Amino acid sequence: MKILVTGGAGYIGSHVVYECIDQGHDVTILDNMSLGLEENIDPRARFVNGSTHSDSDLDSIMSNGFDGIIHLAAWKAAGESMTNPAKYAHNNLIGTLTLLNACDRNGIMNIVFSSTSSVYGLPKYVPIDENHPTIPISYYGETKLQIEKNLKWFSELKGIRFAALRYFNAAGYDRKGRIKGKERNALNLIPIVMEVASGVREEMQIFGNDYETHDGTGIRDYIHVSDLATAHVKAMGYIRNNNKDLMVNLATGEGHSVLDVIQKTKSVTGKEIAYQIVGRRAGDPDKVIAVSNKAEEVLKWSPNYSDLDTLIKSTWEVYK
């Protein structure tokens, strides 16, 4: 397949590009490098520095013809989205609508969209499945939910088939060591723990230790980025071959607490992880775990590298 990957120089995007090319597909990257890293670009891919907001950029690149688009270009900091919603409306919502209109103009009929577990909001039950209510508690999550709704309309009105992949906590790095650039301004737990282990931070904060979990700290479902990458390629094949839309969770069905992650990092790195217990953050649930039964059934996908040991070891190879 000929695939265009927007945001293909970013953390998840670069892993997706490597996986696509490893599987024999022809890949072009479109990225404006606001979050992307040059060292993470697969040298086998064609790279275009451009924007999903530019009709001329999109029409120029799409004139080459593509079997589909994997769309990962977005801002993703939930906290920032609550203080600067205009930024997220412009980049996530308007950027995607501009991309969809360009697909329609240029006859590109398949798109795999990087959605998020944030569309669900606070868990009403765990494990979360695709039937869980969608009530985002951040504007970031709301932008992703609105994009999913627009994808449904473009599918119905224009025949553009889509897969929306709702993934949970992406973590880990390419196990072959090809991707070495660290994610910019990482706000997630594992990179923060790694920064303490590697001496970039003196200590980290744990937001609450009185949750209803085995050790009092919050539990999350971590999915290896290489497993996510595989799912994107499978999803593109599915919507092309079956002419059907798809919306699935990508998760492991297992959870690890903050202290689990810290203890595993200490074991892998041999470093002490200094931390301070502080108050809970508003809206943080005790436990977020999801099931991916639908992805397993429809895509024949299951996570292969998402055990905590692999997640921590592959990340430490980059941070050490």
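Reading the values: rules and limits
Residues numbered from 1 in each chain as written. Predicted model: local features only at pLDDT ≥ 70, side-chain atom pairs only at ≥ 80, totals over all residues. Heavy atoms only, no water. Helix = DSSP H or I, 4+ residues; strand = E, 2+ residues; numbered from the N terminus. Buried < 20%, exposed > 50% of the residue type's maximum accessible area, 1.4 Å probe, protein only. Contact = heavy atoms within 4.5 Å. Areas by Shrake-Rupley, 256 points an atom, 1.4 Å probe, with all protein chains shown as cover. Lys, Arg positive; Asp, Glu negative; His and termini not counted. Charge placed at Lys NZ, Arg CZ, Asp CG, Glu CD. 1 Å grid on protein atoms, 1.4 Å probe; cavity = no way out; pocket = protein on both sides within 12 Å on 5 of 7 lines; lining within 4 Å. Points joined across faces, edges and corners; volume = space filled by probe spheres on them. Nonpolar A, V, L, I, M, F, W, Y, C, P; charged D, E, K, R; others polar. Pairing = 2+ DSSP bridges. Axes fitted to C-alpha atoms, helices over the stretch in contact; angles between N-to-C directions. Polar contact = N/O pair within 3.5 Å; in protein donor to acceptor, adjacent residues only side chain to side chain.

**Description of the overall build of the protein chain**
At step 1: In terms of regular secondary structure, the protein chain is built from 10 helices and 14 strands.
At step 2: Evaluated residue by residue, the protein chain yields a buried proportion of 55% over its 320 residues.
At step 3: Contacts in the protein chain between residues at least 24 apart in sequence constitute 77% of all its contacts with a sequence separation of at least 6.
At step 4: Carbon and sulfur atoms make up 46% of the accessible area of the protein chain, which amounts to about 13700 Å² in all.
At step 5: Positive and negative charge centroids in the protein chain, built from 34 and 39 side chains respectively, lie 2 Å apart.

**Let's talk about the layout of surface pockets**
At step 1: Of the voids in this model, the second largest pocket is the one considered here, and its volume is about 160 Å³.
At step 2: Along its surface, the second largest pocket is lined by His15, Tyr18, Glu19, Asp22, Asp174, Arg175, Lys176, Arg178, Ser226, Ala229, Thr230 and Tyr305.
At step 3: When residues of the lining of the second largest pocket are traced back to their parent elements, those giving at least two are α1 (11–22) and α7 (225–242).
At step 4: Looking at which element gives the most residues to the lining of the second largest pocket, the answer is α1, with four residues.
At step 5: For the lining of the second largest pocket, the class distribution of residues is three nonpolar, three polar and six charged.

**Remarks on the sheet that holds strand β4 (residues 68–71)**
At step 1: On the basis of which strands lie adjacent, the open sheet formed by seven strands has the order β3-β2-β1-β4-β5-β6-β11 and parallel pairing. The open sheet is flanked by β3 (46–49) and β11 (246–250), the only strands paired with a single partner. Neighbour-to-neighbour, the strand axes of the sheet open up by a mean angle of 20°, direction not taken into account.
At step 2: In this structure, strand β1 (residues 2–6) lies alongside β4, joined through four bridges in parallel fashion. Within β4, the residue paired with Thr6 across the bridge is His71.
At step 3: Lying on the sheet, helix α5 (residues 139–158) is in contact with β5 (110–116), β6 (161–167) and β11; it crosses β5 at an angle near 155°.
At step 4: In the packing of α7 onto the sheet, contacts are made with β1, β4, β5, β6 and β11, and the angle to β6 comes to roughly 155°.

**Examining the environment of Tyr11**
At step 1: Within the secondary structure layout, Tyr11 lies in helix α1.
At step 2: Using a relative accessible area of 12% as the deciding quantity, one classes Tyr11 as buried.
At step 3: C-alpha separation for the pair Tyr11 and Ile277, spaced 266 residues apart in sequence, amounts to 29 Å.
At step 4: In contact with Tyr11, other than residues within four places in its own chain, are Ala170, Ala171, Gly172, Tyr173, Glu183 and Val225.
At step 5: At 3.4 Å, the side chain of Tyr11 and the backbone oxygen of Ala171 are in polar contact.

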